[in-house]
Each structure stands twice: as C-alpha cells, then as structure tokens.
Amino acid sequence: MKVFCCLFRVSKQRSRHVVRRCEDLAIMVLLHVLFEHAAGYALFAVKEVEEIGMLLPQVEESVLSIGKFNSMVSLAAFFPFKSAQAALENINAISEGVVHADLKLFLETNLPLSGKKKASLGVSDAKIGAALQEELSVSIQTGGVVAEITRGIRLHFHSLVKGLTSHAASKAQLGLGHSYSRAKVKFNVNRADNMIIQSIALLDQLDKDINTFSMRVREWYGYHFPELIKIVSENSMYCRLAQLIGNRKELTEEKLESLEEVVMDGAKAQAILEASRSSMGMDISPIDLINIERFSNRVVSLAAYRQGLQEYLRSKMSQVAPNLAALIGEVVGARLISHAGSLTNLAKYPASTVQILGAEKALFRALKTRGNTPKYGLIFHSTFIGRAAAKNKGRISRYLANKCTIASRIDCFSELPTSVFGDKLREQVEERLSFYETGEVPRKNVDVMKEAVKEATDVAAELKRKLEKKEKKRLKRERKSKKLEANGEANGDAEANDEEADTSVVAKKKKAEVQVAEAAEAENGAEETPAKKKKKRKSEAEVEQPEADETEQADPPKKKKKRKSDADGVEVKVEEPEDNGTEEADPPKKKKKLKTEKVDEEAAIETPGAPVSGKKKKKKDAAE
C-alpha cells in the first residue's frame, strides 16, 4: 500500500511537471500571422488557438463573428503602402516569391526574433514562406490553423485596422487589381512574342484556306478550260490566269505578252494560247464567268496578303528572336515559340524537349506500345535535317535542338537583340554536317563563343553609339524648339508692350484733341448767343424798312465776311476765321465750307440768268 502511494505521488508530480512544461512552451511560442492587403502589410498576434478545435464546425462559425474573432486575434502592426506604385512593386515581388525590402524591414521591426519568446510566423503562400525563412531564419507555418485565421482576417480586415473602412479597402483592392493585371499584360520580357504566335497561326490558316479556294477555282474553271490545269500547276498562278483569260474563245495573240508576265515563261504562254484554240471545255455564260473572276480575284488578294504577312513575321522575328531566326529560319522558329507558348517557356525547355517539340502524339504512342521514340518534331522542317543522311538524321536533330535552346535563351535574356550568336551557331551546325559527311573536325564551342562575344560587343557598342546619337539629336531638337518658343513669347510680349504704348499715346492725343474741341465749342457757344440776337434784329429791321440803305455786316466776334464780286456780278462770300486756335482744332469744317462755296460759285456761274430773290435784290440795290 505504501509503495502504491509513493508511486501515485511520483506520477502526480510528473504529470504536474509535464503540465507546467506544456504551459511554459505555450507561453514561449507565439504565433504571428502575416496578411498582405492592397492597403499594406499587417501582422496579427494570435492569442489562443487549437489545432484540433479549429476543425470543428462551431469554431469555424465563430470565425464569422467579429466579436469572437477579436478575442482570438489582435493587430500587432500595420505598414501602409506609400503609393499605388509601391503597392504594385510589393505585390509583384510576393507573386514571384521574392521578399521585398519593405516587407523585410516591417518584419524585422515588429516580429520578436530574439529572447525567451520564440515567434512563429504564419503565411498563406508557401513560396513566400520559404523565402522569408531564408531571409529571417524564422519558423514558418502554412495551412491548417493559419489558413482559417487568414480567412477570418480577410473577412474582418477593415474592422481590425483602425481608420480603414470597407469602402476604402475594396477601392484599394480594385485599384491594385487593375494595375496588377495591366502590368502583367504589358510586362513582357520577350518583347512581343505574342504577336509572333498570332502571326504564325494566321499564316498556317491562310495556307489551308488558299489551297482550298484554289482547288475550288480549278474545279470551277476546269469545266470551261480543262487543259489549263495540266499546263499550270501552281495555285496562285492558276487563279491569276483564270482572272486574266476569262472566256477562252476571246484569247488572242494580243494577250500573249500579259500571259508571259504572269507565267514568266514564253513557251508556257504559247502552250496556253494553243490549248485555248483546241480546248474540249464547255461553253460558259457571262454571269458564271463574272462569278469565277470575282472568286479568283479574292484568292489572288489572299495570296498577296499572305506574302505581306510573311514579311511582317520576318521583321518581328528579327526584333524578338534574331538568333533563333538566323539559326533555324523565321517560320520554324515562330512555330517553336508558338508551340511552347512564349519565348520564355521555350528558353526554359531542355534540348531533349525542343528536339521532339510537336511530336507529342508519336512520343506517347511509342511509350505506350514500347516502340521507338521520335527523333525530331517541328525542327524537321529546317533544311539541316533534310540535308543529312538517313543514319545521321537523329544525331543532327539532337545537335540542332541543343543549338536552338542556346539561341532561344540568348534571345530571351539579352538586352540588345543581335543575330551574331545565331550566325555563329548556324556555322557550327554546318560544320557538324560536313563532319558527318567528310570527317573534317569542327571548331570547339568555346572558341566559337569567344568570337561571337567579341563581335556581339562590337555590335552592341555600335548600336549604343547610334542610340546616343539619336538621343542627342532629339535633345538638340527639343532645345531648339524651346528656344524658338521662348523667343516667340518674348517677341509677343514686346509687341504687346509696343501696342500698349501706341494705344496709350493715341489715347492721350485723342484726349487732348477732345479737350481743345470742348474749349473751342464753349467759346463759340458763348459768342453765338449775341450774334443770333443781332441777326434777328437785323431781319426785323429789314422787314419794317425794306428800302433802308443799311448794309449787312458780318458777326464781328466769330468771323469776318468779305464780299467778292465776280465778273458776272455775282457776289461770293468768303469766310476768314479770326481765331487761329479754333482753325487748328477743327480743320475739317473749313474744308467743308470751302467745298460748299465752290459748289455755290459753280451753280451761280452755270445759271447767270436765274431769278434773284427779294432779299438778294435789296442787298444788291443797297450795295449799288
């Protein structure tokens, strides 16, 4: 019994020690959860958590309640992004699994990394978790409890962060989502390889369509002129001839030159002319012939468009993947890029994958049936494999795939696109072909690459010099235009100042003239009143005493009037202004008066025998 009691006490003490140890561990280990939001980084401290309890439906429902979730989680720190550009940079780094400098500084500042308390960081993405573990040497948790807590944080984030509303949070998420998607669409290390993918797909589709339509034209026009199919085998040439000939009965020797231009062969043109005279084809109505010509015209235009598209593809390949195009050709290189999905994907493929790219069906069939795997895929269309002997086709395809991989990687990650490496790699493939045929030992890869690097450096320096020259010219033009604009503004200001000065001078002159005129009018107004009264008295005296011998005198204060007798006896009044100041102030009035006097003189001269009025008669008699 005593032994049993001792054992019971020992076990009880051990259990208490274990409980205390567990409590100490629970206190020492802290869980922090990192949450990345569009507004910034947030670090949450988890107060209480249970691995098993989190899986219960009651606990999962408690996450939905902000009150219960607040008792589990508290905000430890929050780092808001300074701008939309900073938010975009951080989200790009997180998506690529790279620790941004802002994130590292935030965690180093707020996460307890030393002391008794060991911090454990929970993240939602395992990729960024591995990067953080390398950078900060901290234990990382992903999944399980962290996933549930992250779900609750995402749901109640605007409530957990002070000063952040749900509207502002959703607006930040929308803006960052748009900018992130836009940057992903624009950001392309391989320049514009998606244009190459679309171009080669359209080129293949056009080849199929042109072949189908040409066969339709052959069959349709063959009813009328069946012998033409045997003479001309090319589809586009046949369509152009069908468009040119039309009705074979109307084909004469006059059209022989135009036939030679299309066929590029005099004998063929003569054979077509002779065949049209003795053809076994049926007659055709004009409306059917019009439809055939229209369809032929469409096929010819499609063929011309295909040629233009091929030129466009060649130019794009020289910009995007010049080394791959120089090595294997534009069309085959574009097909490889299209099949891989992008130039980056093609650069990531090993040479063994590039070798059988495009022959996946044959590969899986061979693996299923345990037969021979294919030796080549899309690279079979290059000229090298066709030129090699049957026993060397596999070897040359393996070598060519190796060089294609090198060329695609150079194109993908080089800054300045040059075809120097592609030309050198093509020379290596040619040397390997001659080695298989003649046994001549080719150059080593190291020597060839050294030469290529030297040439590429020279070409890059030349391109850089040209770019700098262009930039200098552009800056010079900008400076010149700025100078011209500045001179134009200065001239405009000077002209405006001159105009203002002129207007001020004119305004002053006008003001002075107005003042002089007003003074003259005031003087004239003061002198006119007695003159008018005297005139009135004179007229009254003349009416009362018609036979008086008084002479009419001029107004003495205003103007002196003189009488001048012409040869015909007609009196003319000449006015002489007394005041010189008024004369200068009002010159137009004087001219007007002189003009009226001249008109009166002419009228008097023209009508010498005109009847004279009573007043004039009296004045004349008085003068006599």
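Residues numbered from 1 in each chain as written. Predicted model: local features only at pLDDT ≥ 70, side-chain atom pairs only at ≥ 80, totals over all residues. Heavy atoms only, no water.

To keep things clear, this is the line we draw: UniProt positions are given in the numbering used here, feature names are shortened, and annotations may be inferred rather than shown by experiment.
Identification of the protein as Nucleolar protein 56 from Oryzias javanicus is taken from an unreviewed UniProt entry. Regarding the protein, the UniProt comment filed under Sequence similarities (unreviewed entry) reads as follows: "Belongs to the NOP5/NOP56 family."

### Quick notes on the nonpolar core
How we decide: What is meant by a nonpolar core is a set of buried Ala, Val, Leu, Ile, Met, Phe, Trp, Tyr and Cys residues, joined one to another through side-chain atoms within 4.5 Å. Classification of residues uses two cut-offs on accessible area relative to the type maximum, computed with a 1.4 Å probe and protein chains only: under 20% is buried, over 50% is exposed, and between them is partly exposed. Going along the chain from the N terminus, every DSSP run of H or I of four or more residues is numbered as a helix, and every run of E of two or more is numbered as a strand. Where each domain starts and ends comes from a domain assignment, either automatic or drawn from a database. In this analysis, two residues are considered to be in contact whenever any of their non-hydrogen atoms come within 4.5 Å of each other.
In this structure, Met317, Leu324, Leu327, Ile328, Ile337, Leu346 and Leu400 are the most contacted members of the largest nonpolar core, which totals 47 residues. Top contributing element to this core by residue count: helix H21 (residues 393–413), with eight residues. Both domains that furnish three or more residues to this core are identified here as domain 2 (194–308) and domain 3 (321–451). Sequence-distant contacts of Leu327, that is, excluding residues within four places in its chain, are made with Phe384, Leu400, Lys403, Cys404, Ala407, Gly422, Leu425, Arg426 and Val429.

### Here's the deal with the packing of aromatic side chains
The test is simple: Between 30 and 60 degrees the pair is tilted, below 30 it is stacked and above 60 it is edge-to-face, where a pair is any two Phe, Tyr or Trp rings, Trp via its six-membered ring, whose centres lie within 6.5 Å.
Summed over all chains, the structure comprises twelve aromatic pairs. An angle of 75° between the planes, with centres 5.2 Å apart, marks the rings of Tyr41 and Phe81 as edge-to-face. Taken together, the positions of Tyr41 in strand E2 (residues 40–46) and Phe81 in the loop between strand E3 (73–80) and helix H4 (84–95) put the pair 40 residues apart, joining distant regions of the chain. Each member of the pair, Tyr41 as well as Phe81, carries the same accessibility label: buried. Relative to Phe295, the ring of Trp220 lies with its centre 6.4 Å away and its plane at 50°, an arrangement referred to as tilted.

### Structural notes on the confidence of the model for the protein
Note the threshold: Across the chain, each position has a pLDDT score giving the predictor's confidence in that residue, from 0 to 100.
Scored by pLDDT, the protein comes out at a mean of 77, with 72% of its residues at no less than 70. This stretch, residues 527–536, has a pLDDT under 50; its non-local contacts, to residues over four places away or in other chains, come to four contacts. Scored below 50 in pLDDT, residues 615–619 makes four contacts in the model with residues more than four places away or belonging to other chains.

### Some points on a negative patch on the surface
What counts is decided by this rule: Excluding any residue in a salt bridge, patches collect residues exceeding 30% relative accessible area, merging like charges within 9 Å and nonpolar Val, Leu, Ile, Met, Phe, Trp and Tyr side chains within 5 Å. With residues, only the protein chains shown are counted as cover, and all accessible areas are computed by Shrake-Rupley using a 1.4 Å probe. Counted as salt bridges are all cases of a side-chain nitrogen of Lys or Arg within 4 Å of a carboxyl oxygen of Asp or Glu. The positive count covers Lys and Arg only, the negative count covers Asp and Glu only, and His and the chain ends enter neither. A charged residue contributes its charge at one atom only: NZ of Lys, CZ of Arg, CG of Asp or CD of Glu.
A grouping of Glu257, Glu260, Glu261 and Asp265 is seen on the molecular surface, where their side chains present a negatively charged patch. The residue Asp265 is located in the loop between helix H12 (256–263) and helix H13 (266–277) in this model. Judged by its relative accessible area of 34%, Asp265 falls in the partly exposed class.

### What to know about a nonpolar patch on the surface
Judged by side-chain polarity, Trp220, Tyr223 and Met282 come together as a nonpolar surface patch covering roughly 330 Å² of accessible area. Relative to the helices and strands, Met282 is located in the loop between H13 and helix H14 (286–320).

### Regarding helix H11 (residues 235–245)
Along an α-helix, residues three or four apart share an orientation, since each turn contains 3.6 residues. Considered for burial, the residues of H11 that qualify are Met237, Tyr238, Cys239, Leu241, Ala242 and Ile245. Contact partners of the buried residues in H11: helix H9 (193–222), helix H10 (228–231), H12, H13 and H14. The positive-phi residue at the C-terminal boundary of H11 is Gly246, with phi of around 70°.

### What about the pattern of salt bridges?
A full pass over the atoms with the stated rule returns 17 salt bridges. A salt bridge links Arg216 to Glu219; the shortest N-O distance between them is 3.3 Å. With a gap of three residues between them, Arg216 and Glu219 both fall in helix H9, about one helical turn apart. On the accessibility criterion, Glu219 (45% relative accessible area) is partly exposed. Residues Arg465 and Glu462 are paired through a salt bridge, measuring 2.1 Å at the closest nitrogen-oxygen approach. Here Arg465 pairs with Glu462, and both are found in helix H23 (residues 445–544), just three residues apart, close to one helical turn. Accessibility expressed as a relative area gives 46% for Arg465, which makes it partly exposed.

### Details of the environment of Leu203
Along the chain, the position of Leu203 falls in helix H9. For Leu203 and Gln307, which are 104 residues apart along the polypeptide, the C-alpha to C-alpha distance reads 9.3 Å. Contacts of Leu203, omitting those with residues within four sequence positions, involve Arg306, Leu309, Gln310 and Leu313.

### Concerning the packing of H11 against H12
Here is the rule we go by: Orientation is described by lines fitted to C-alpha atoms, with helices fitted over the stretch in contact, and by angles between N-to-C directions that extend from 0 to 180 degrees. For classification purposes, angles smaller than 35 degrees are called roughly parallel, those larger than 145 roughly antiparallel, those between 65 and 115 roughly perpendicular, and all remaining angles oblique. With the far helix as reference, a near helix turned anticlockwise by less than a right angle produces a left-handed crossing, and one turned clockwise produces a right-handed crossing. Note on residue classes: Ala, Val, Leu, Ile, Met, Phe, Trp, Tyr, Cys and Pro are nonpolar, Asp, Glu, Lys and Arg are charged, and everything else, Gly too, is polar.
Where H11 contacts H12, the axes come no closer than 10 Å and their chain directions differ by 165°. Considered as vectors, H11 and H12 are oriented roughly antiparallel to each other. Seen along the crossing, H11 lies across H12 with a hand that is right-handed. Contacts between H11 and H12 involve Met237, Arg240, Leu241, Leu244 and Ile245 from the first element and Ser258, Leu259, Val262 and Val263 from the second. Its residues placed into classes, the contact of H11 with H12 shows seven nonpolar, one polar and one charged.

### Let's talk about the pairing of E2
Put simply, the rule is: In this description, strands pair whenever DSSP reports at least two bridges between them.
Most of E2 is tucked away, with six of its seven residues classed as buried. Bridge count between E2 and E3: seven bridges; the pairing is antiparallel. From the neighbouring strand, Ala42 faces E3, where its bridge partner is Phe78.

### A short note on the packing of H21 against helix H22 (residues 420–438)
Here H21 crosses H22 at 170°, and the two axes come no closer than 10 Å. Here H21 is positioned roughly antiparallel relative to H22, judged by the angle of their axes. Along the contact surface, H21 presents Arg395, Ile396, Tyr399, Leu400, Lys403, Ile406, Ala407 and Ile410, while H22 presents Phe421, Leu425, Gln428, Val429, Arg432, Leu433 and Tyr436.

### Brief notes about a positive patch on the surface
There is a patch of like positive charges on the surface, built from Lys466, Lys469, Lys470, Lys473 and Arg477. Mapped onto the elements, Lys470 comes out in helix H23.

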